[in-house]
Amino acid sequence: MPLSQDAIAAITSAVDAQFENQVAFLQEIVRAPSLRGEEAGVQRIVSGALKERGYEVETYPLDVAALKEHPAGSPATIDYADTFNVSGRKAPAASSGRSLILNAHVDVVPTAKPDCWTRPPFSASREGDWLFGRGAGDMKAGLSANLFAVAAIEAAGFKLQAPLEFQSVIDEEVTGNGTAAAILRGATADAVLIPEPTDEELTFANSGVIKFRITVQGVPAHPREPESGLSAIEAAYLVIQELKVLEARWNAEKLDHPGFDQLANPASLNIGTISGGEWPASIPFECRFEGRIGFYPGDRPADRMAALEKMLSEIGSLDPRLEQANPRLEWIGTCQAGYRLEAGTDAEAVLASAHGAVTGASLNRSIMACYLDAALYMNHCGIPSLTYGPLTKNIHGIDECVNLPSLKRVTQTIALFAAAWCGIAPA
Ligand SMILES: [Zn+2]
């Protein structure tokens, strides 16, 4: 139901009134480094914050065996022994509105090189309109927006008229298994909102992504007789060249995918790690690299995985050195399809109206050529999922930061969205 002007004013003012507390909370969670597998500290803070705000809170581990069997699960290379998901629920005695999941991931990517940051990456320094830190933009700001949006609705004197689940999930950056575990546990709602850093636009589509590790083997030898050896590092280089050919082929398909044809590199092959060799003056025995490549909504990940496997199995015919290097492939993270939220959903209309009330502007739609947890809710649950969050800079880079005025607007928009979607009544 559309909100009254009075309700809009009361809820947006309540976000305003709490915004300094929100920034302080964001600083607290940025200062809890939560690299993959090390999210427990920040999850304890989030779980405490939810309890203080009257949520019914549960924490639960990820079940690797169950994730393996479920299509929302992706191959994991860690056992999740020291980490867990957090779920907070609020539900009215009788529901008359539409239910909602507010989801955010707390894992962050490594800092690249801490010395190169202008301020230490986990110091959460605030300068002018920006808050700096690894994870500040991707996506602890979004998590703070979810928390303070609901708090503002309550501070304005209302309660939601439908069940709400607040999800704080782990391991989004490598696998998406945190959200997959929430789905396995039965999480469902009439809509999902995930405030990833989207510069206040609605991400309506993303690419499917597969993540791989490839190991090649050389023949070690002394450099005085190089012809008796085979360099694993040079073989890895040749394999990467062939992956670039695959990337170009997959990029050429973009013309068949409206929206994606506007992106320079939708497949976006990335080789993110490489290690190899044993000694400066020995021809290297082994080289291993890891990466990701993307494709289009509607494509089955299994088909793209098979295409990559086939390319590697035939690579020896291109070069006898590659035959001997025998590239071995492992899947080490997200293997998921992309999604496309068709225009015209109620969820998008309610978000656009909330965004308009706060910013006075219409809601832009854009595509992100990366994995997003919204894909799991869209593809495996059929739930309309909105990826919409604040303006940021340098996510996954040096000096990551989030724009605070934008975070305030996004928090207000999420609050108005949740209020209109779930319905409100005087508390
Ligand atoms: Zn993210």
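Given the structure is predicted, the values throughout are model-derived calculations rather than measurements. (Residues numbered from 1 in each chain as written. Predicted model: local features only at pLDDT ≥ 70, side-chain atom pairs only at ≥ 80, totals over all residues.)

## A few points about the overall build of the chain
To be explicit about the condition: Strands here are runs of E lasting at least two residues and helices are runs of H or I lasting at least four, both read from the DSSP assignment and numbered beginning at the N terminus. Within these notes, the globule rule equals 2.2 Å times the number of residues to the 0.38 power, and the radius of gyration is based on C-alpha atoms. Buried, partly exposed and exposed are defined by the number of other C-beta atoms within 10 Å of a residue's own C-beta, namely 20 or more, between the two limits, and 12 or fewer respectively, with C-beta atoms placed from the backbone. Note on contacts: each residue gets a C-beta atom placed from the backbone, and two residues are in contact if those atoms are within 7 Å.
Within the chain, the regular secondary structure consists of eleven helices and 18 strands. Scaling as 2.2 N^0.38, a compact globule of 427 residues should have a C-alpha radius of gyration of about 22 Å, and the chain matches this with 23 Å. Counting only C-alpha atoms and orienting by the principal axes, one finds that the chain spans roughly 80 × 45 × 40 Å. Looking at the chain as a whole, 50% of its 427 residues are labelled buried. Of the contacts formed within the chain by residues at least 6 apart in sequence, a portion of 82% connects residues at least 24 apart.

## Focus on the sheet that holds strand E16 (residues 392-393)
Heads up, the rule is: Paired strands, in this sense, are two strands between which DSSP finds at least two bridges. To obtain an axis, a line is fitted to C-alpha atoms, over the contacting stretch when the element is a helix, and the angle between two such axes runs from 0 to 180 degrees between their N-to-C directions.
As summarised here, the arrangement of the four strands in space is E4-E5-E17-E16, forming an open sheet in which the pairing is antiparallel. Edge positions in the sheet fall to strand E4 (126-127) and E16, since each has one partner strand and no second. Looking at chain direction, E16 and strand E17 (residues 401-403) are connected through two bridges and run antiparallel. The residue of E17 that forms the bridge with Lys 393 is Cys 401. With respect to the sheet, helix H4 (residues 136-155) is in contact with strand E5 (130-132), E16 and E17, its orientation differing from that of E17 by roughly 50°. Each of E5 and E17 touches helix H11 (residues 404-422); the most contacted strand, E17, lies at about 60° to it.

## A short note on the sheet that holds strand E8 (residues 191-194)
The eight strands are arranged E1-E2-E7-E3-E8-E15-E9-E14 in an open sheet whose pairing can be described as mixed. Of all the strands in the sheet, just strand E1 (56-60) and strand E14 (365-368) have a single pairing partner and so form its edges. With strand direction ignored, the average angle separating the axes of adjacent strands in the sheet is 30°. Relative to E14, strand E9 (residues 202-206) runs parallel, the two being bridged by four bridges. Paired with Asn 206 across the bridge in E14 is Met 368. Packing of helix H10 (residues 374-381) onto the sheet brings it into contact with E8, E9 and strand E15 (385-388), and relative to E15 it is tilted by some 165°.

## So, the domain arrangement of the chain
Counted only if it meets this: Domain start and stop positions are those given by an automatic or database domain assignment. Classification used: nonpolar for Ala, Val, Leu, Ile, Met, Phe, Trp, Tyr, Cys and Pro, charged for Asp, Glu, Lys and Arg, polar for all others including Gly.
We note that the domain assignment places domain 1 (5-205 + 338-426) and domain 2 (208-336) within the chain. The interface of domain 1 with domain 2 comprises 16 residues on the first partner and 16 residues on the second. Of the residues in the side of domain 1 that touches domain 2, the class split is ten nonpolar, five polar and one charged.

## Describing unusual backbone geometry
Where the residue is not glycine, phi is negative for most of them; where a peptide bond is considered, it is trans in most cases. With an omega of -10°, the peptide bond running from Asp 138 to Met 139 counts as cis. Considering the arrangement of structural elements, one finds Met 139 in helix H4. We note that His 396 has phi near 65°; this positive angle belongs to a residue other than glycine. Assignment of secondary structure puts His 396 in the loop between E16 and E17.

## Brief notes about the environment of Ala 232
With respect to the helices and strands, the residue Ala 232 is situated in helix H6 (residues 232-252). For Ala 232, a count of 24 C-beta atoms within 10 Å puts it in the buried group. Separated by 15 residues in sequence, Ala 232 and Gln 217 place their C-alpha atoms 5.3 Å apart. Once you skip the residues sitting within four places of it in the chain, Ala 232 turns out to touch Val 216, Gln 217, Gly 218, Gly 276, Pro 284, Phe 285, Glu 286, Cys 287 and Ala 325.

## Describing the nonpolar core
Which entries qualify depends on this criterion: Joining buried Ala, Val, Leu, Ile, Met, Phe, Trp, Tyr and Cys residues through C-beta atoms within 7 Å gives a set, and that set is a nonpolar core.
Among the nonpolar cores identified, the biggest contains 126 residues, and Leu 100, Ile 153, Leu 416, Ala 418 and Ala 419 are the most heavily contacted of them. There are two domains that each give this core at least three residues, and those are domain 1 (5-205 + 338-426) and domain 2 (208-336). In this structure Ala 419 touches Leu 3, Ala 7, Ile 11, Ile 153, Phe 158 and Ile 424, once residues within four positions along its chain are discounted.

## Considering the packing of helix H1 (residues 5-30) against H11
The description of two packed helices rests on the angle between their axes and on the distance between the axes. To keep it simple, the criterion reads: Angular relationships are summarised with four words: roughly parallel below 35 degrees, roughly antiparallel beyond 145, roughly perpendicular across 65 to 115, and oblique for the angles in between. Handedness of each helix crossing follows the sense of rotation of the near helix against the far helix: counterclockwise by less than a right angle gives left-handed, clockwise gives right-handed.
As a packed pair, H1 and H11 sit with axes 9 Å apart at the nearest point and diverge in direction by 135°. Comparing the axis directions of H1 and H11 gives the class oblique. Crossing handedness for the pair H1 and H11: right-handed. Where H1 abuts H11, its residues Ala 7, Ile 8, Ile 11, Thr 12, Val 15, Phe 19, Gln 22 and Val 23 lie against Leu 404, Lys 408, Thr 411, Gln 412, Ala 415, Leu 416 and Ala 419. Looking at side-chain class alone, the contact of H1 with H11 contains ten nonpolar, four polar and one charged residues.

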